[in-house]
Amino acid sequence: MADKNNLLLFFDRPTEPCFMQKGDDKTVFQIPDNFYPEKYKKVGNQLADRFGTDAGRMVPVRNIALPDLSLPQQLPYHNQFSLFVPKHRRMAAKLIDIFMGMRDVEDLQSVCSYCQLRINPYMFNYCLSVAMLHRPDTKGLSPPTLVETFPDKFMDPKVFRRARETSTTAPAGDRMPVLIPVNYTASDAEPEQRIAYFREDIGINLHHWHWHLVYPFEAADRAVVDKDRRGELLYYMHQQIIARYNAERLCNNLGFVTRYNDFRGPIAEGYFPKMDSQVASRAWPPRFSGTTIRDLDRPVDQIRSDVSEMETWRDRFIQAIDSGTIVLPNGRTQRLDEETGIDVLANLMESSIISRNRAYYGDLHNMGHVFISYAHDPDHRHLEQFGVMGDPATAMRDPIFYRWHAYVDDIFQRYTATLPAYTRERLDFPGIRVSSIAISGRTPNQFSTQWEQSSVNLARGLDFMPRGAVLARFTHLQHDEFEYTIECDNTTGQAAMGTVRIFLAPTTDQAGNALNFEEQRRLMIELDKFTQGLRPGSNTIRRRSIDSSVTIPYERTFRDESQRPGDAGSAQSADFDFCGCGWPHHMLIPKGTQQGWNCVLFCMITNWNEDRVEQDTVGTCNDAASYCGIRDRRYPDRKPMGFPFDRPAPSTGSLGDFLTPNMTVQNCSIRFTDAVRQRQQR
Ligand code: CUO
């Protein structure tokens, strides 16, 4: 029986053939003769000898009848791969289907060894990752983080030249880390550059890539796509990104992000990624400022779509929202109800294969990514590939990502605004009185942030280079850890269970005007949510920032698979498993300012008996459930995502007017220190 851990070797040095030595223990896959591609066939035996003689381990590969790979093989090996391009999506869906359909791990290993030599490496990596996350026999295995496999999607290519120098001139133990420059994509003349540390953060981009890996929108196996409240989670997770981005903008003296809603007008923001694709041997194309999206006609990608199509789809969404009903393929209509409406709408919008009417509502969100990412070469006359908006691993680097998603979010908000406002009865938890929330730290109610330098090991992604660790050092935002203290009275006379919900929001706009509730609620950033037992009488609840339900610890974002303890799936390695999905913990708190940036902390306790979802939550990776859900389980909170800020208040007042006795607020500030500290790597 093949060891499922062998599958992880396919993530090592993605463009190096698997008959070469893979991984630290120099594993060589012994592939059947007919698996060698044409160009190696004549020399197959020599190759096997050459890499086999000092191999640390030989893995025989079973000769199986190969499935029909003609569709996924249509994407050239040295090409970019986009999850948003419809043709690429179809090819990936087919490949996922093939990987999911393999009888056992041994057959999966066979087909992988065949594919690895023939299928576009980006697509291969994505499809194998999705399959590993969803096959019962590979649960517990998690692919290495993408920044290790494809570091080219995350950093300046100069880093690789230096890494090459370092790895050829110095033995593994003596290599100096390669420094990834900070703020290298534009000068201070570009105001948007002030928040490049957010857009280009490696952890944030990894989270986004991982989220889309956990929630694919196309696969032949419907169960891979059709997860509990997946549409609603798409809406909520991206809404939270926009809220966080807006807070970050305010901290840097920039106004709120403006929606990209005029498809005929120029996009003011330019973006020059300064990255190379190592697989496609091409620079990622830039977008000049003032670019307008144009009708697409790219036969190679089988894309032909006019900008007017986007407008048609948009109008149909507006119509659906204003009428409260959607049109079904049979011409009937379906009402959008309070409980599932947002989920239905978001599945139409994304759109995924569980869209109830793709023919009519089209593909608005995905095609927005596609139109923008091809704005520089809409008819392929310059033979250019897509820009960073075309790839979930890179999209968040570009300012237009936030303008596009602010627009998408606005359509969702138009819908949630039609829902009945929460009455005080629906908000209150009778008998539970929350009197205060406070932040511990050097100065009470003050968060502290600064820069931190950490390293990531690039060795796995540096194909055809000497082995051994090559560290790249990068600089990112970090906050001091803190603790919440919540004082709460339980006057019911009995023990109770509550769900504690903690949010943070700005208090003023860029001009210093106080925000009203309607403005503030859309800027609320979820910091944590947890279940808490409440004794009769007074309770003091303490909770550490590191336990946040939206984030995953630093070590998981940048995990090093070779450091994984125990066998995959074992209890020992449980901590390490599922997913790189989760907001990176180092980005939990906005940057703040050196003077101290004012914000408000909000805390609410709701009745857990009304929130609970009956299910066993055994299993791993439920610690970032707020943005990522729980694997193979239902979303662990019955309330609408973003509750209680997911809809307007009955009257527009201030946040203070909204509070019921089970809620409290605390004014806080975030103080940023412009200093760099070194992360102590474990
Ligand atoms: Cu995540 Cu548009 O859905 O990038």
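Here's a quick rundown of the structure. (Residues numbered from 1 in each chain as written. Predicted model: local features only at pLDDT ≥ 70, side-chain atom pairs only at ≥ 80, totals over all residues. Heavy atoms only, no water.)

1. Quick word on the pattern of salt bridges
Using the criterion set out here, one finds 43 salt bridges in the structure. Between Arg249 and Glu192 there is a salt bridge; the shortest N-O distance is 2.9 Å. Taken together, the positions of Arg249 in helix α11 (residues 230-251) and Glu192 in the loop between β3 (178-179) and α8 (196-199) put the pair 57 residues apart, joining distant regions of the chain. Here the two residues Arg249 and Glu192 agree in accessibility, since each one is buried. One salt bridge connects Arg679 with Glu452, and the closest N-O pair in it is separated by 3.2 Å. Here Arg679 is found in the segment after β20 (663-678), whereas its partner Glu452 is found in strand β11 (residues 446-457), with 227 residues between them in sequence. For the pair shown, Arg679 and Glu452 are each scored as buried. (Salt bridge = Lys/Arg side-chain N within 4 Å of Asp/Glu carboxyl O. Helix = DSSP H or I, 4+ residues; strand = E, 2+ residues; numbered from the N terminus. Buried < 20%, exposed > 50% of the residue type's maximum accessible area, 1.4 Å probe, protein only.)

2. Concerning the sheet that holds strand β10 (residues 432-439)
Reading across from one edge, β10-β13-β16 is the order of the three strands in this open sheet, with antiparallel pairing throughout. The sheet is open, and its two edges are formed by β10 and β16 (537-544), each paired on a single side. The mean angle between the axes of side-by-side strands here comes to 20°, regardless of whether they run parallel or antiparallel. When strand β13 (residues 483-490) meets β16, the two strands line up antiparallel, connected through eight bridges. Residue pairing across strands places Tyr484 opposite Arg543, the latter belonging to β16. (Pairing = 2+ DSSP bridges. Axes fitted to C-alpha atoms, helices over the stretch in contact; angles between N-to-C directions.)

3. Looking at unusual backbone geometry
In this model, Glu350 is joined to Ser351 through a cis peptide bond whose omega is -15°. The residue Ser351 is located in the loop between α13 (341-350) and α14 (358-361) in this model. Along the chain, Phe643 connects to Pro644 via a cis peptide bond; the corresponding omega equals 5°. Counting through the fold element by element, Pro644 comes out in the loop between α21 (625-628) and α22 (655-658).

4. Some remarks on the state of the cysteines
Such a bond, covalent and formed between the sulfur atoms of two cysteines, is termed a disulfide. The tally for this structure, following the rule as stated, stands at one disulfide. Here Cys581 engages in a disulfide with Cys628; their sulfurs sit 2.2 Å apart. Around the S-S axis, the bridge from Cys581 to Cys628 shows a dihedral of about -80° and counts as left-handed. Remark: Cys628 occurs in helix α21 and Cys581 occurs in the loop between α19 (554-557) and β18 (583-584); sequence separation between them is 47 residues. Here Cys603 is not cross-linked by a disulfide; its sulfur's nearest cysteine counterpart is in Cys488, at 8.4 Å. (Disulfide = S-S within 2.5 Å.)

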